[in-house]
Amino acid sequence: MRKNTLSTKIITRVLLIILIIGAVVFSIYYYFTRATLEEMTRQNAASLANNTVHKIEMVIRPSEKIPENLAWMLEAGAVPHDSVFPFLKQLLKNNPSISGCVIAYEPYSIDPERKYYAPFAYYDKQGNIDTNYLGGEDLNYFIRDWYQIPVMLEKNYWTEPYFAEGGGDMFLTSYSVPFYKRKNGKRQVAGVITIDISLNWLTDIVNSVEILETRYAFLLSGNGVYVTHPDRSNIMNETIFTHAKELDEPKMREVGRDMISGKSKLRSVKLKDIGSVLVYHTPIPSTKWSLGVVYPRDEIFANLHQLTWLMIALSLLGLVVLTVVTIRIIKGLTRPLSQFAQSARVIAEGNFNIALPDTGKTEEIKELRTSFEFMQRELDNYIVHLKETTSAKEKIESELRIAKEIQMGMIPQIFPPFPNLNQIDLFAMLEPAKEVGGDLYDFFMIDDTHLCFAIGDVSGKGVPASLFMAVTRTLLRSLAPKQNSPKKIVDSLNNSLAQGNESSMFVTFFLGILNVETGELKYTNAGHNPPLMMHEGDGTAYFEITKDIPVGLIENFEYTELERTIHKNDRIFFYTDGITEAENSKEELYSDEKLLHLLTSIESLSPAEIIQDVEKDVKIHVGDNEQSDDLTMMCVIYYGKSEDKGNA
Amino acid sequence: MMKNLILTLMALFALCFAEAQTTTIRFAPQWFPQAQFAGYYAALDQGFYQEADLEVKIIHPTDDESSMNMLISGKADVVSSFLMDGLTSRLSQEIPLVNIAQLSQHSTLMFVTKASSGIDTLKALDNKKVAIWSSGFDKLPRALLEEEGIDVEFVPIYNSINLFLEGGVDAMTVMYYNEYDQIINSGVNEDELNKFFFLDYEGFDIPEDGLYCLQQTLDKDKDALRKFVKASLKGWEYVDKNREYALDLVVEKMNKARLANSRAHQRWMLDKVVGQLAPMDKNVKQGHLLEADFQRALNIIQSEARSGAEMKTLPFDSFYEPLVD
């Protein structure tokens, strides 16, 4: 599966989410099931242990009553010494759980000559009840636990279990009850009544707990000795503490200490030989022994673990199936997409009419197909339209190119314009911002001595401005020869242009007539930027600003005519606002000041050089910024009268 | 000439016969089978005695008959006994026994009290109940407390720790290698006990197990006894290096004798008993009895008996005739 395909992405993301959800759900399930199982085990262990304890107590408790009652009878003097043996024999007969009974007296308390006095009834090896007296140098019963402890502590006492003397498998424990007499008004221990109880039945009861394969129970004496244990070699040989020591299990010792101190507890212990186990223990209240039930954890959780593995395996299988099915579904769904992608590529190559794939039945794919069809149609229409527009635009552009040529043909472009005229030289340039522009300049000789020159800037740009410019220039050429006064020429021009000027276009206009013999200059400035007068070696300055309005606005406006005399080597520099208002990228204008400053520094150059320098300087100022207005300049130098030429 | 030849041949024959003859030695340890006697079991099991042309029979005492009685009655040739008991028997019962080897070099006697009782010095035992074996071994505890000027009520017990565990006595006399571990093995932690080792009290580090025989046996079978002692010491060396083997042997013996046994407890006992064999800071060779120890033991017995019979002197040489190299 390729990386980054839709199916890979969906599969990886969906799989991840399914895995996470699955893991969470599964963990919760596992946790709760485990907890429930553990709780069930706890209850089971508790009831099992309590039942077993109850069974044991059913035997022990009634037996306890026998010496207790007997003690009371002895204290009351109800058993005469001469009938003790028959009494004890009868007692054994009546109580099958008792395998022996002794009434042991304190030294010399019955007979001053007799240190030991302890009538004893017991079953002999043949199973008959026999009697004799216990005690003697070989059996000093006063220092035996069964006698010494109840006497010294004046309390009833269950001995640690022991094997019957004289061998055999007789496994016994004894219960001793002290009895008292009154001597000199004081209550005094008179002796001890002890019954022996066989414990062989205990093993059967406790071993019946071994129901499951590895579950077992064991019984500890007060000292922690194993009274019963599945491993018979431990019984009576080992205590839980020696066992713990041999296995090097300090935790087991802790369990043992809790057990012999009479606690009921369920705990988890990890043992080296049988692994992790749950141990529940509870005391046997009468004997202060303790019963422990051991559940190997493996066994408790075996079914859960089996189920867990099964579920994990099934889930993994399910995931594999899910993956395969999902990949197939996604591939089926996305097949139209790749077909559409192929179509889009063909369409992009310009083949708009290609047939679209007819696959996919889902709403989304149908919608996509409709959109594709729509796109195809729109593209087709657009291209048709674009072709038309493009050819129209190309036509206009070519017409504009022709118009520009015509326009540029209308203004004199041959320099020097008057090679035979020594008194003056002149240079001019016009660079329209668009194909055709609204600026104009013109110059021509009205007669042998009078040079007429003009510069103008039509409002607006483009074709309208260029047409207006053409009209202005044509009118100027036709009006100028008839009038030799700039004012009259401008007046006439204004009236002609103002008539029927519905588009309210106008032109700023400067018109001057120079008498090349005298240097006398008459001029009218109709709202145009004031030209600069450059006196070589004597400074450069702007012409005065007039109040006359641009031409073409108001009919019959009276323009003023001004007059000044030009001296030898003076230069007059004309320009349109395309120069001073040329803008750079910071929106800074080239400005009147900058122009004045530049011209002051180049006042001795020829008109062509001046114009080239100004153009260069403006272009440097503008930089990468687009030229926004027509650039038009004209410069006239006056060399003085014809005979003065040599001095220039 | 002929007579001489016959006599010579007879003498030679007798010599050869004597050389080939195996001597039987009946050895009685002072208690039931346990790790305390592992060295002798190993010597027998490993054939060390057989190699020395000895036929050794190990006979344990019973409830009815002590090993010392077996020695007196002639049922045993050699017995194992505490120095104090050997000496007492020699002095008070005038049994003509001699010490032929002193294996233990140190005392393992101690008093224990429950830490919860607050009895953490010997002085604090004053007017308290102290359990002590009725079967002997009581001279040293009595002497120690007397020397420290402590008056206690001794409570004789048989051989169980239950009276102490039940709280019937405040303190108990125990052997470090035996009853002390039994208490631990009944669920009492070491830090729950206060311990008073006799060997920490000047003059009370009295050695314990030694080998004894009657003077007449010594006179008669000195060579055989020497071999017995040597093979026994070899047995002890062997168990020192083969502890688990020794424990197997001990447990087997105990099972045969139908005695409750725990390997863990027997291991503890074996460790302590083997440890006792080393003289450590005592200026004595292994297996020998230090005269100073003998003298101290004698003094203790005599001072105890001073109110009674007249003081008996006992030369060291007449009590101790070592058969150890």
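Here the structure is a predicted model, which means the values were calculated and not measured. (Residues numbered from 1 in each chain as written. Chains lettered and ligands numbered in written order. Predicted model: local features only at pLDDT ≥ 70, side-chain atom pairs only at ≥ 80, totals over all residues. Heavy atoms only, no water.)

A. Broad picture of the overall build of chain B. What chain B contains, in helices and strands, is 14 helices and 10 strands. Expressed as a percentage of the 325 residues in chain B, the buried residues total 53%. Taking all contacts inside chain B whose residues are at least 6 apart in sequence as the whole, residues at least 24 apart take part in 78%. Looking at chain B as shown, the accessible area adds up to about 14,800 Å², and 52% of this sits on carbon and sulfur atoms. (Helix = DSSP H or I, 4+ residues; strand = E, 2+ residues; numbered from the N terminus. Buried < 20%, exposed > 50% of the residue type's maximum accessible area, 1.4 Å probe, protein only. Contact = heavy atoms within 4.5 Å. Areas by Shrake-Rupley, 256 points an atom, 1.4 Å probe, with all protein chains shown as cover.)

B. Spotlight on the interface of chain A and chain B. With 25 residues of chain A at the contact, the number on the chain B side is 33 residues. By the criterion of area lost to chain B, the three top residues of chain A are A:Ile143, A:Met152 and A:Glu246, representing 22% of everything that side buries. Between the two partners, chain A and chain B, sit 4 salt bridges. Between A:Lys155 and B:Glu166 there is a salt bridge, with the nearest N and O atoms lying 2.8 Å from each other. Connecting chain A to chain B are 20 residue pairs in polar contact (both at pLDDT 80 or more). Among the secondary structure elements, those contributing two or more residues to the side of chain A that touches chain B are α3 (145-153), α5 (240-247) and α6 (250-260) of chain A. Across the side of chain A that touches chain B, the residue classes tally to 8 nonpolar, 6 polar and 11 charged. (Buried area = accessible area lost by both parts, 1.4 Å probe. Salt bridge = Lys/Arg side-chain N within 4 Å of Asp/Glu carboxyl O. Polar contact = N/O pair within 3.5 Å; in protein donor to acceptor, adjacent residues only side chain to side chain. Nonpolar A, V, L, I, M, F, W, Y, C, P; charged D, E, K, R; others polar.)

C. Representation of the sheet that holds strand β21 (residues 571-575) of chain A within the structure. Residue and element names in this part refer to chain A. Spatially, the 5 strands line up as an open sheet ordered β13-β22-β21-β18-β19, and their pairing is antiparallel. A single partner strand is all that each edge strand has here, and the edge strands are β13 (424-431) and β19 (539-542). Neighbour-to-neighbour, the strand axes of the sheet open up by a mean angle of 15 degrees, direction not taken into account. When β13 meets strand β22 (residues 631-638), the two strands line up antiparallel, connected through 8 bridges. Bridge assignment links leucine 426 to a residue of β22, and that residue is valine 636. Here helix α13 (residues 592-601) sits on the sheet in contact with β18 (532-535), β19 and β21, set at roughly 150 degrees to β19. (Pairing = 2+ DSSP bridges. Axes fitted to C-alpha atoms, helices over the stretch in contact; angles between N-to-C directions.)

D. Broad picture of the confidence of the model for chain B. Summary statistics for chain B give a mean pLDDT of 89 and a share of 91% for residues scoring 70 or more. We note a pTM of 0.66 for the whole complex and an ipTM of 0.87 for its interfaces. (pLDDT = per-residue confidence, 0-100.)

E. Quick look at a negative patch on the surface. A contiguous patch of negative charge on the surface is contributed by A:Glu581, A:Glu583, A:Glu587, A:Asp592 and A:Glu593. Looking at the element boundaries, A:Glu593 is found in helix α13. (Patch = residues over 30% accessible without salt bridge, like charges linked within 9 Å, V, L, I, M, F, W, Y side chains within 5 Å. Lys, Arg positive; Asp, Glu negative; His and termini not counted. Charge placed at Lys NZ, Arg CZ, Asp CG, Glu CD.)

F. Just the sheet that holds strand β6 (residues 129-133) of chain B, in detail. Residues and elements named next belong to chain B. Reading across from one edge, β7-β6-β8-β5-β9 is the order of the 5 strands in this open sheet, with mixed pairing throughout. If you trace the sheet from one side to the other, it starts and ends with β7 (153-157) and β9 (193-197), each paired once. Strand-to-strand, the axes of this sheet are offset by a mean angle of 30 degrees, without reference to chain direction. Where strand β5 (residues 109-114) lies against strand β8 (residues 171-175), 5 bridges are found, and the strand directions are antiparallel.

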